[in-house]
Amino acid sequence: MTSTHAFWLAGRQATGEATFDVTSPWDGHLVGQVAVPTDAQIEEAVAAAHAVRDEFAATPAHVRAAALDHVSRRLVERTEEIAQLISAENGKPVKWARGEVGRAVSVFRFAAEEARRFNGGEAQRLDTDAGGQGRLALTRRFPKGAVLGIAPFNFPLNLCAHKIAPAIAVGAPIILKPAPATPLSGLIIGELLAETELPAGSWSVLPVPNDRMPALVQDERLPVISFTGSDTVGYAIMDSVPRKHCTLELGGNGAAVVLGDWASEQDLDWAATRIATFSNYQGGQSCISVQRVIADASVYERLLPKIVEAVGAQVTGDPSDSATDVGPLVSEDAAKRVESWVDEAVQAGAQLLAGGKRDGASYAPTVLTDVPADVTLSREEVFGPVLTVKRVDGEDEAFAAVNDSKYGLQAGVFTHDVQTAFRAHRALEVGGVIIGDVPSYRADQMPYGGAKQSGVGREGVRFAMDDYTYERVLVLTGLAL
């Protein structure tokens, strides 16, 4: 695996005075060394982003779209190399890493398409009242200013893409801060952007240590913050900068509801397979992985053993092996935390039906039932390969169980009834309802975000572009309409 010693400062490579090692959570081998920007270099990046904001906003759409298209094409050309890099630094099984690269390809392509059609302007007649006679309003959107994008470790390429691509599409300078555990994938995006002709200062990729972030977060020259990560950190950022525009994509404890009409053996086999796959597919380290199964009493007894069997069939091991379904968590500390939550639940009376064992940074795919409502595993986001199964009586009780959470990101509802689907859409306090599947489905062009403590604002290219911009009205007077 190639290593890097550089970061991207105002569109060019730069080195700092210190480096840190990026190691594999699977076996601890050195994946790369990353330079740490100095305070002076961080200041240079912020100053350059602030200085170029008007120039970049005025850059023709075809220039920005061409740069985004270029990144999309180059990701395709380097898919296997980048997938192996994601797997090495993150511990994600390489088959899922390949899928992540494919998604990032789409994100940059979507952004290029949106850049070409965004901000065309909307005309509005004002002569609907006498005082507006001869007047026409034209509304267009303009960038709010430079963006600070803060990305997490669990999708180290694609969630960096979700910060950078919409910003470039609207002409907003962006400083990307990748996660300390997984900076190399974000730096690859910088490498590809450096091959384009975007103006200096329009983007930087800075692997800034977390303890040096407060000054960057509070810098008034970065009026927009786009953060993906934990609710604790996200709300601390928002509270520290109350006058900034913050979009927060935070946690969840995704529920999959299996209702009584989803009752054939084929139905239940499908549900069990999808639940097992997507409670474990990133080691459970996805905001919309399946953490809770809520099953109607009429199907519970048949569904539960199918889930346990399907979870047991997940292939665990070396993430570089294409046959592996479940690799390690991002660190041994993360696995120890998951272990402690499961142990707490079992000691409180939960029944352990599968898994429950830790080996270093790896935690075995786990299924529990009868989990008390007051234990940590019931209330928080486990962010690990752990699944709880609960029996309920009827639709109303199922939907109430979904809503009995401080989070509200996405929910899946297994039903064939279109009326039930619409009732779920109305009743469930989440940002997305997935019918006939798990909550883990996400298309990168759709609005993605949550309710309650799952955040504010929306990711998804077109919707992030709205968050990065504001409406400005032009009123034309003296027209013969």
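Before reading on, note that the structure itself is shown above.
On a predicted model such as this, the values are computed, not experimentally measured, just so you know.

What counts, and at which threshold
Residues numbered from 1 in each chain as written. Predicted model: local features only at pLDDT ≥ 70, side-chain atom pairs only at ≥ 80, totals over all residues. Heavy atoms only, no water. Buried < 20%, exposed > 50% of the residue type's maximum accessible area, 1.4 Å probe, protein only. Helix = DSSP H or I, 4+ residues; strand = E, 2+ residues; numbered from the N terminus. Pairing = 2+ DSSP bridges. Axes fitted to C-alpha atoms, helices over the stretch in contact; angles between N-to-C directions. Left-handed = near helix turned anticlockwise from the far one by under 90°. Contact = heavy atoms within 4.5 Å. Nonpolar A, V, L, I, M, F, W, Y, C, P; charged D, E, K, R; others polar. Patch = residues over 30% accessible without salt bridge, like charges linked within 9 Å, V, L, I, M, F, W, Y side chains within 5 Å. Areas by Shrake-Rupley, 256 points an atom, 1.4 Å probe, with all protein chains shown as cover. Salt bridge = Lys/Arg side-chain N within 4 Å of Asp/Glu carboxyl O.

J.: Can you explain the pairing of strand β13 (residues 292-296)? Please cite residues and give values.
T.: Of all five residues that make up β13, five are buried, and the element is covered over most of its length. Of the two faces of β13, the one carrying Arg292, Ile294 and Asp296 and the one carrying Val293 and Ala295 are both buried. In the sheet, strand β12 (residues 255-258) pairs with β13 via four bridges, with the strands oriented parallel. Within β13, the residue paired with Ala255 across the bridge is Arg292. Summarising the sheet, β13 and strand β18 (residues 386-392) pair through five bridges and their orientation is parallel. Bridge pairing in β18 places Asp296 opposite Val392.

J.: How would you explain the packing of helix α14 (residues 394-403) against helix α15 (residues 418-427) if you had to name every residue and give the values?
T.: With their axes 11 Å apart at the nearest point, α14 and α15 run at an angle of 35° to one another. Considering only the axes of α14 and α15, their crossing is right-handed. Residues Glu395, Phe399 and Asn403 of α14 form the contact with α15, whose participating residues are Thr420, Arg423, Ala424 and Ala427. Among the residues making up the contact of α14 with α15, the classes are represented as three nonpolar, two polar and two charged.

J.: Give a description of a nonpolar patch on the surface that names residues and reports values.
T.: On the surface, Leu474, Leu476, Leu479 and Leu481 cluster together into a nonpolar patch covering about 320 Å² of accessible area. By the element assignment, Leu481 lies in the segment after β24 (469-476).

J.: Tell me about the pattern of salt bridges, and name the residues and values.
T.: One side chain can pair with another of opposite charge once the charged atoms of both are near each other. Overall, the coordinates contain 35 salt bridges when judged by the stated rule. The closest approach of N and O atoms between Asp437 and Arg274, which form a salt bridge, is 2.8 Å. One end of the pair, Asp437, is in the loop between β21 (432-435) and β22 (451-452); the other, Arg274, is in helix α10 (residues 265-280), with 163 residues separating them in the sequence. On the basis of relative accessible area, Arg274 is assigned to the partly exposed category, the value being 21%. One network of salt bridges, in which partners are shared, links Glu114, Arg117, Arg141, Arg462, Asp466 and Glu471.

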